[in-house]
Amino acid sequence: MQLTRLRGFQDTLGAQARSLAAVEDCARKMAERHNVGEIRIPVLERLELFQHSSGETSDIVEKQMYAFADRDEAETTLALRPEGTPGVVRAYIEAGLDRSDPEQRFYYAGPMFRRERPQKGRFRQFSQFGVEIFGRADAATDAELMVMIDELRRDLGLELNFEINSLGDSECRPRFRQAVLEYGRAHFSELCEDCHQRLERNPLRLLDCKIDVKLAEAAPKSLDYLCDACRAHFAAVRELLTDAAVPHAVNPRLVRGLDYYTRTTFEVISTAVGAQSAVAAGGRYDGLVEALGGAAVPGSGFAIGVDRLALALEAARFASYADAAVIALGGAATRRAMKLAAEMRAAGLRVELLSPGRGLKALLRRADKIGARYAVIIGDNELGRATAVLRDLKASTQNEVAQHDLVAALCAGGGAR
RNA sequence: GUGAGUGUAGCUCAGUUGGCAGAGCAUCGGGUUGUGGCCCCGGCGGUCGAGGGUUCAAGUCCCUUCACUCACCCCA
C-alpha cells in the first residue's frame, strides 16, 4: 500500500457511513420542523473572515487552520473553514439581509477542517450541523436552540447533558474579564504553565483549566458580574428550558473558545465518546454581524459535531439489509431477473441482483451475508413455467410463485419494511 | 505542539533463553451437479510498518524513522 489517506482524515463506509447519514438526516428533519431553512456556503473563504470573527488569539485561528495563497496575482490568502458560523454571517450580510429582512433562520451541514492532533472523536476533517438565527435578541430564541438539540437527542435515542452559562454583554463582560485577569495575576505563581499563557491571550480560559481545579473554582464567576438586562435574559432562558423539560445544569466555568459569544452560552456533553465529549455547543453572538461589517443585528446559534454524535450511537443499529436478493441461474434467467428486480424496486423494495454465474449454494450464502430477508431464485425450470422460487431466509421455507405475483407476495410477506 | 502505548495474513491477535511464520475469524472451494446460516474437510493469503546495526542465525536484541491509537492542549 503506497498511497494512504492523510493523517487525521478518514474514509467512512458501511455501518459508520449509515450512522453519520442517520444523524444528519435526523438533524435536517428537526431543523425543517422548526421552519429553519438550509443555507449552502463555500468550504473555502478568505482567511481574514475567520480572523475577524473567531478571534485573532484563538487557537483555531493561530495554529489550526489550513491556510494558503491562491493562484491569483494578489495571492489572496484562503482558508478551509474551521467552523460554519463566520461563513453564514458573511453570506447573510452579502445578501443584504441584515438591512432588508434581518430575521432569518438557517441551518448548514458539511465538513470543517482543523489541523489538530487526531484522537478519538477529533479529526482534521469533521462534519458539523449548525443552526444560526439572526435578528432575534429574545430569550426564547436561545431556549429554542437548546430545545432543538434536545429533540434531536430524543430522536436518536441518546443520553446527553446540557450545561449553560452566561458571559454577559458588551457592558458587563469587560468587567468580568478584568476581574478574571486581576485574579489570575494575583495568583500567578500558583497557576500552571498553560494558564500563564492563557492569562495573556484569553483570560476567560482560566476557568476551565483541568489542572488547577480549585483555583479555577475560586475564580470570579461571570454570573456575579451580569448587568440587570443580562441577568434577566439568563433567568428567562432557564425558565423556558425548564418549561420545555430540557434538563440543564448551570456551569459557571463554561466559557467558549471563540471571542464572539455574548450572554447565553451552552455545551452539550455525551459520556459515551471519550475525552472529546462535547457533541454540541453554541450561544449568542450579538456583536458578530456588526463586527463583520453588517448592521447591528443580534444572532444566536449552535453547531453539532456529527461525527461525535454518530460515535455515540450503537453500530449495531446500522447493520446492512435488503428486502430481497435476486438469484439468476443462467444467462436467459438473468435477463428475466433484471426485469423482476426492477419491478420490485418500483414497488419500493430494497433489492439486489446477485452476480450471476456462480453456484446456487454460493449465491444463497451471499444472500445471507448481505442480510436479505428473501431470496428470489430463477433458473431454467422457473423460466419455463414463468415462476420463481421465493425463499424466506429467516424461516427457511420456500414456495414457487408466478412471476406476476412476485411483488404482491413479497409485500404480503412483510418484505417491505 | 507535548506525552504514553501499539505496529506480525483482509480482521483480532499468539509467537518461549535469538533457531523452519502461527491460530481464530473472514474469504474461496468441497462434503450436497438447484438450496444459506450450524458442522466437517481443504485452498488462497506474509516486505513480521520501513531503514540500518549486532549475530552463524533477528518477528525477538540495539539505533533511526514512519504510521496508528489514546491522552494533554484545543474544541463540535
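Structure shown above.
1. Let's talk about a positive patch on the surface
Taken together, the side chains of Arg-358, Lys-361, Arg-365, Arg-366 and Lys-369 present a region of like positive charge at the surface. Within the secondary structure, Arg-365 is located in helix α14 (residues 360–369). Among the residues examined, Arg-365 registers a relative accessible area of 56% and is labelled exposed.

2. Digging into the pairing of strand β6 (residues 125–134)
Most of β6 sits out of view: nine of its 10 residues are buried. When strand β5 (residues 104–113) meets β6, the two strands line up antiparallel, connected through 10 bridges. Bridge pairing in β6 links Met-112 to Phe-126. Relative to strand β11 (residues 299–305), β6 runs antiparallel, the two being bridged by seven bridges. Opposite Gly-130, over in β11, you have Ala-303 as the bridge partner.

3. So, the sheet that holds strand β8 (residues 248–250)
Whether parallel or antiparallel, the strands of a sheet pair through hydrogen bonds between backbone atoms. Strands sit in the order β1-β5-β6-β11-β10-β9-β7-β8 across an open sheet of eight strands; the sheet is mixed. If you trace the sheet from one side to the other, it starts and ends with β1 (37–38) and β8, each paired once. One ladder, built from six bridges, connects strand β7 (residues 161–166) with strand β9 (residues 262–269); its direction is antiparallel. Bridge assignment links Phe-162 to a residue of β9, and that residue is Val-268. The strands that helix α6 (residues 139–156) touches are β5, β6, β7, β9, β10 (278–284) and β11; relative to β11, the one it contacts most, it runs at about 20°.

4. Regarding the nonpolar core
Note that soluble globular proteins tend to have their nonpolar side chains buried in a common cluster. One finds Phe-129, Val-131, Phe-302 and Leu-309 to be the most contacted residues of the largest nonpolar core, which totals 45 residues. Take this core: its biggest share by element is nine residues, from α6. Contact partners of Leu-309, with chain neighbours within four places excluded, come to Val-23, Leu-152, Leu-156, Leu-158, Leu-160, Val-279 and Ile-304. Formed by 39 residues, the second largest nonpolar core is a distinct cluster that contains Ile-41, Leu-167, Tyr-261 and Val-289.

5. Quick notes on unusual backbone geometry
With a phi angle near 55°, Asn-35 is a residue other than glycine that sits in the positive phi range. Of note, Asn-35 is situated in the loop between α1 (14–33) and β1. Taking relative accessible area as the criterion, Asn-35 reaches 63% and is therefore assigned exposed.

6. Concerning a negative patch on the surface
On the surface, Asp-70, Asp-72, Glu-73 and Glu-75 cluster together to form a negatively charged patch. Tracing the backbone through its elements, the reader meets Asp-72 in the loop between β3 (67–69) and β4 (77–80).

7. Digging into helix α7 (residues 173–186)
For α7, with 14 residues, the first-to-last C-alpha span of 20 Å sits near the 20 Å given by 1.5 Å per residue. Every buried residue of α7 is listed here: Arg-173, Phe-176, Ala-179, Val-180, Leu-181, Tyr-183 and Gly-184.

8. What to know about the side chain of Arg-173
As for its position among the elements, Arg-173 is in helix α7. Separated by 2.2 Å, the side chain of Arg-173 and the backbone oxygen of Tyr-261 make a polar contact. With residues up to four places along the chain from it excluded, the contact list for Arg-173 reads Leu-167, Gly-168, Leu-204, Asp-259, Tyr-261 and Thr-262.

9. Observations regarding the protein's contact with RNA strand B
If you check the shell around RNA strand B, you find 51 residues, and the closest are Arg-117, Arg-198, Arg-205, Leu-393 and Ser-396. The contact atoms of RNA strand B, taken as those within 4 Å of the protein, divide so that sugar and phosphate hold 50%. For RNA strand B, a phosphate oxygen lies 2.9 Å from a polar atom in the backbone of Ala-275. For the surface near RNA strand B, the secondary-structure elements that each account for two or more residues are α3 (59–63), β6, α8 (193–201), β10, β11, α14, α15 (380–385) and β15 (387–392). Here the surface near RNA strand B gets seven residues from one element, more than from any other, and that element is α14. A breakdown of the residues in the surface near RNA strand B according to their chemical character gives 16 nonpolar, 12 polar and 23 charged.

10. Observations regarding the packing of α6 against helix α10 (residues 228–243)
With their axes 8 Å apart at the nearest point, α6 and α10 run at an angle of 40° to one another. When the axis of α6 is compared with that of α10, the two are oblique. Every pair of crossing elements has a handedness; the one defined by α6 and α10 is right-handed. Contacts between α6 and α10 involve Ala-139, Ala-140, Asp-142, Ala-143 and Met-146 from the first element and His-233, Ala-236, Val-237, Leu-240 and Leu-241 from the second. Residues of the contact of α6 with α10, tallied by class, amount to eight nonpolar, one polar and one charged.

Calculation notes
- Residues numbered from 1 in each chain as written.
- Chains lettered and ligands numbered in written order.
- Predicted model: local features only at pLDDT ≥ 70, side-chain atom pairs only at ≥ 80, totals over all residues.
- Heavy atoms only, no water.
- Patch = residues over 30% accessible without salt bridge, like charges linked within 9 Å, V, L, I, M, F, W, Y side chains within 5 Å.
- Areas by Shrake-Rupley, 256 points an atom, 1.4 Å probe, with all protein chains shown as cover.
- Salt bridge = Lys/Arg side-chain N within 4 Å of Asp/Glu carboxyl O.
- Lys, Arg positive; Asp, Glu negative; His and termini not counted.
- Charge placed at Lys NZ, Arg CZ, Asp CG, Glu CD.
- Helix = DSSP H or I, 4+ residues; strand = E, 2+ residues; numbered from the N terminus.
- Buried < 20%, exposed > 50% of the residue type's maximum accessible area, 1.4 Å probe, protein only.
- Pairing = 2+ DSSP bridges.
- Contact = heavy atoms within 4.5 Å.
- Axes fitted to C-alpha atoms, helices over the stretch in contact; angles between N-to-C directions.
- Core = buried A, V, L, I, M, F, W, Y, C linked by side-chain atoms within 4.5 Å.
- Expected span 1.5 Å × (residues − 1).
- Polar contact = N/O pair within 3.5 Å; in protein donor to acceptor, adjacent residues only side chain to side chain.
- Near = heavy atom within 4 Å.
- Nonpolar A, V, L, I, M, F, W, Y, C, P; charged D, E, K, R; others polar.
- Parallel < 35°, antiparallel > 145°, perpendicular 65-115°, else oblique.
- Left-handed = near helix turned anticlockwise from the far one by under 90°.

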